Every structure is written in structure tokens, then in C-alpha cells.
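Next come the chains, spelled out residue by residue.
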Amino acid sequence: MTSAGDPAVDLAQRLRSLRKQSWPDKRITQEGLAQAFDVSVPLISSWERLKDPVLPPPHRLHAYAIFFATVRSVERQPYRLIEELTEEEQTRRDELLAELTGLRDQLTDPAPSDTAPTTDNLWRFPVDEDITIVCSEVPQARFGKLPFVDPDDPDYVESYRYSDLDSLIELHGHIRAFNPNNNVHIRTGARSLSPDEYTSHLVLLGGIDWNQVTAAVLHRIDLPVRQLARPYDSDPGGFEIMDTARRTLRPVLNEVEGRMVLEEDIAHFYRSPNPFNRKRTITICNGQHSRGTLGVVRALTDARFRDRNNTYLCERFAGHDTFSIISRVQVLEGSVVTPDWTVPEILLHEWPATAR
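Residues numbered from 1 in each chain as written. Predicted model: local features only at pLDDT ≥ 70, side-chain atom pairs only at ≥ 80, totals over all residues. Heavy atoms only, no water.

A. Local environment of the packing of aromatic side chains. Evaluated as defined, the whole model comprises 13 aromatic pairs. Taking the centre distance of 5.1 Å and the plane angle of 80° together, the rings of Phe37 and Tyr64 count as edge-to-face. One end of the pair, Phe37, is in helix H2 (residues 30-37); the other, Tyr64, is in helix H4 (residues 58-67), with 27 residues separating them in the sequence. Of the residues examined, Phe37 reaches a relative accessible area of 5% and is grouped as buried. Taking 6.4 Å as the distance between ring centres and 85° as the angle between the ring planes, the aromatic pair formed by Trp123 and Phe269 counts as edge-to-face. Here Trp123, found in the loop between helix H5 (87-105) and strand S1 (131-135), pairs with Phe269, found in strand S8 (residues 259-274); they are 146 residues apart in sequence, far enough to count as distant. (Phe/Tyr/Trp six-rings, centres within 6.5 Å; stacked < 30°, edge-to-face > 60°. Helix = DSSP H or I, 4+ residues; strand = E, 2+ residues; numbered from the N terminus. Buried < 20%, exposed > 50% of the residue type's maximum accessible area, 1.4 Å probe, protein only.)

B. Just the pattern of salt bridges, in detail. Following the criterion strictly, the structure yields 14 salt bridges and no others. The partner of Arg187 in a salt bridge is Glu197, and the shortest N-O contact between them spans 2.6 Å. Here Arg187 is found in strand S2 (residues 184-188), whereas its partner Glu197 is found in helix H7 (residues 195-198), with ten residues between them in sequence. Since its relative accessible area comes to 23%, Arg187 is described here as partly exposed. A network of salt bridges, in which partner residues are shared, links Glu170, Arg298, Asp302 and Arg304. (Salt bridge = Lys/Arg side-chain N within 4 Å of Asp/Glu carboxyl O.)

C. A look at helix H6 (residues 165-178). A rise of 1.5 Å per residue sets the reference length of H6, with its 14 residues, at 20 Å; its end C-alpha atoms lie 20 Å apart and thus fit the reference within 8%. Residues of H6 that are buried: Ser167, Leu168, Leu171, His174 and Ile175. Projected down its long axis, H6 carries its buried residues within an arc of 145°, all on one side. Residues Asp166, Ile169 and Ala177 are exposed on H6 and point more than 90 degrees away from its buried face. Where H6 is buried, its residues touch S1, S2, strand S3 (201-205), helix H9 (290-298) and helix H10 (306-316). (Expected span 1.5 Å × (residues − 1). Arc of directions from axis to C-beta. Contact = heavy atoms within 4.5 Å.)

D. Up close: the pairing of strand S9 (residues 277-287). Summarising the sheet, S3 and S9 pair through four bridges and their orientation is parallel. Residue pairing across strands places Leu204 opposite Ile284, the latter belonging to S9. Pairing of S8 with S9, which is carried by eight bridges, proceeds in the antiparallel orientation. Looking at the pairing, Phe269 lines up with Cys285 of S9. Connecting S8 to the next strand, S9, in antiparallel fashion are two residues. (Pairing = 2+ DSSP bridges.)

E. Highlighting the nonpolar core. Of all hydrophobic cores here, the largest spans 31 residues; its most connected members are Trp123, Ile175, Leu205, Phe269, Leu313 and Trp341. Of all the secondary-structure elements, those providing two or more residues to this core are S1, H6, S3, S8, H9, H10 and strand S10 (323-332). Membership of the second largest hydrophobic core comes to 24 residues, among which are Ile28, Trp47, Leu61 and Phe68. (Core = buried A, V, L, I, M, F, W, Y, C linked by side-chain atoms within 4.5 Å.)

F. Here's a closer look at the sheet that holds strand S6 (residues 247-249). If you walk across this open sheet you meet the three strands as S4-S5-S6, and the pairing is antiparallel. The sheet terminates laterally at strand S4 (225-228) and S6, the two strands that pair on one side only. For this sheet, the mean angle separating the axes of adjacent strands, direction not counted, is 30°. Alignment of strand S5 (residues 238-241) against S6, held across three bridges, turns out to be antiparallel. Across the sheet, residue Ile241 finds its bridge partner in S6, namely Arg247. (Axes fitted to C-alpha atoms, helices over the stretch in contact; angles between N-to-C directions.)

G. Here's a closer look at the pairing of strand S7 (residues 252-256). Judged from the five bridges that link them, S7 and S8 form a sheet pairing that is antiparallel. Counted as the bridge partner of Glu255 is Met260 from S8. Counting the residues that bridge the hairpin from S7 to S8 gives two residues, and of these Glu257 lies at a positive phi of roughly 50°.

Below is the structure:
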């Protein structure tokens, strides 16, 4: 039975009942469902809770409909989303999707939060609120015999250990200039962060291969974008889009004199309330390669482009505190060309899609 007059609670109750009652002989936990959806358990819990439930985006309701359309989803561990459905299962999926979407459509858009973009600058934060920039540490195997990364060396330079160093230098100076009265900390990896820093304004540089904090946060937020890992240098990786039309966006590399040269990277910019403290923000600047990370940073720091790109984001996502943009980053002779987000050919994906 659902509550009277609160579609948000009605939807949360229905999602909970699907998990608990669809197959009485199967015990489906939030953890099992989270594995199937490739999200965190707290995210599943937030959709099911009856007090102030979080509204799942449409692509997640589509996943619920697919999952609960067939018992084959739970025939083996870990649970999974079935790619090919029978005609009967497709009918069940469509019925479930219509029901869940109908509940969601009864809800009006939430009021803008105090972390929604303003017409000022996305890198300007409230006075006296701490900002923590997190990059990763270059793996030891990458150093070779470079002496300056050895703490026992008289010429030791700690910053040499930072990955995405170009991006870090560019962004740190910019944030400090716009926030002279704020503490701005630089950290490398999850182990270097204190609990208080997790709940500050977090700015994450780099992707899931080296930055554990980026990987952990992406697992806790609901975003129809997934970065593909690069287990080998020869693997170009990419970003998988998981909305209505699933596709993979990959960087462009060409062989030149026996080596692969990056000609175009894929860059991702994401802003939302911090999942560890919703009174603060989290911002991800990430490329499939380091040049993509630098490109997305420069999109909002380069004096020639930052104002127009900032205005574009603030107008495009007006009233939304959570948004994402994926763009091309062109590389010419090894140098990054700052992306202009007002050029449609540069943009590859924007979310939410209905933000205009």
C-alpha cells in the first residue's frame, strides 16, 4: 500500500516492494541490486527510504524495469541486467517502466539548491569554506630512476609525485585567486584525506585508474556516465554513456613513426552537492588521458574561454545543482587546445538532457 498524496514516497515504496516481493523465494538485498546496477548501496537505499527519498533519474527506472521483468536477473550471483529479453519479458518491462515513470512524472522538479550554479563563477566558493583539491600520486613504477622523487634524495621534490601536475598548477592558482579568504588544500589519494576534508568542497583531478577518490565518488553518485578503466597503456579506454542510447566515447590516437600519438581526448566535467556533505560541492575534472583533464580545467580557467564556458554552463543548467558535460579536447603537436563549449561539435554529451 502506498502513501496518500506523496508521489515521491509512493515511488520509494514501489521500488522497495519490487526488491522484496517480486520473487518470494529469492532474498534480494540492496547490496545485490547495487552490484547489478553498478552503483553504491547508499544510493539504492536513498531511492527506497520513506523519509525524504531521492528521486531516481529515468535511466535508473529503466534498469529497475529490465531487472524485475525476468527472474533470470537473479538466477546466479552476482545479479545482472539481462541484455536479451523474451517477448513476454519485454511486455513486463514496458509495463513496469510505464508504472514507475508515471509515479516519477507526478513529481515537480525540485527547487534549486544553494549549490546550483550562479551567474558569477563556478570556481568561486562561499567565504571561509575549505576547498580540497585531490589528484592522484604517480605509481612508483612510472618513476624509473628519477632521483628527485626519492624522499632521501637531497633534491627531493614532492610535487613530482603528483599526477596531472599541469592541471593542478593551473587550477590551484585560479581557485586561490578567486577565493583569497578560503583554505585551499592539495591532497594525493584517499589515504591523504582527513574526514573533515572529505566534507569540504572537493575538486577531483583525474580518473579512476589512479585517483581512488574519483573512483569512490563516481560509485556513490547517480550519473549515466561510466569511465572505462585502462588496464594497459595500449588500451585507449573511454567513457560509456548509459542513457537512452548506450554508446562509448573514445579518444583518438594515431600511429606516427611506430608510436601512438593522442590527437583528441575525451574530457568530463561534473558538479553536484558533495555526497559526504550536501552543503558543500564536488567537482570532477577528468580526461581519459592527462591532456583531457588539462583541457577540461582550462575550459574554465583560460582567460579567452572561461567566461563564455562558465556562462554556457550556468544558463544551460540553470536551477540544477547536479550536471555533467563531456567534450572533445583536441591535441595539436602535443599541446592542448582549450575546448569552447559553445561550439556544438565540441560537445559529446550533456546531462541532464532536459535542463534547458
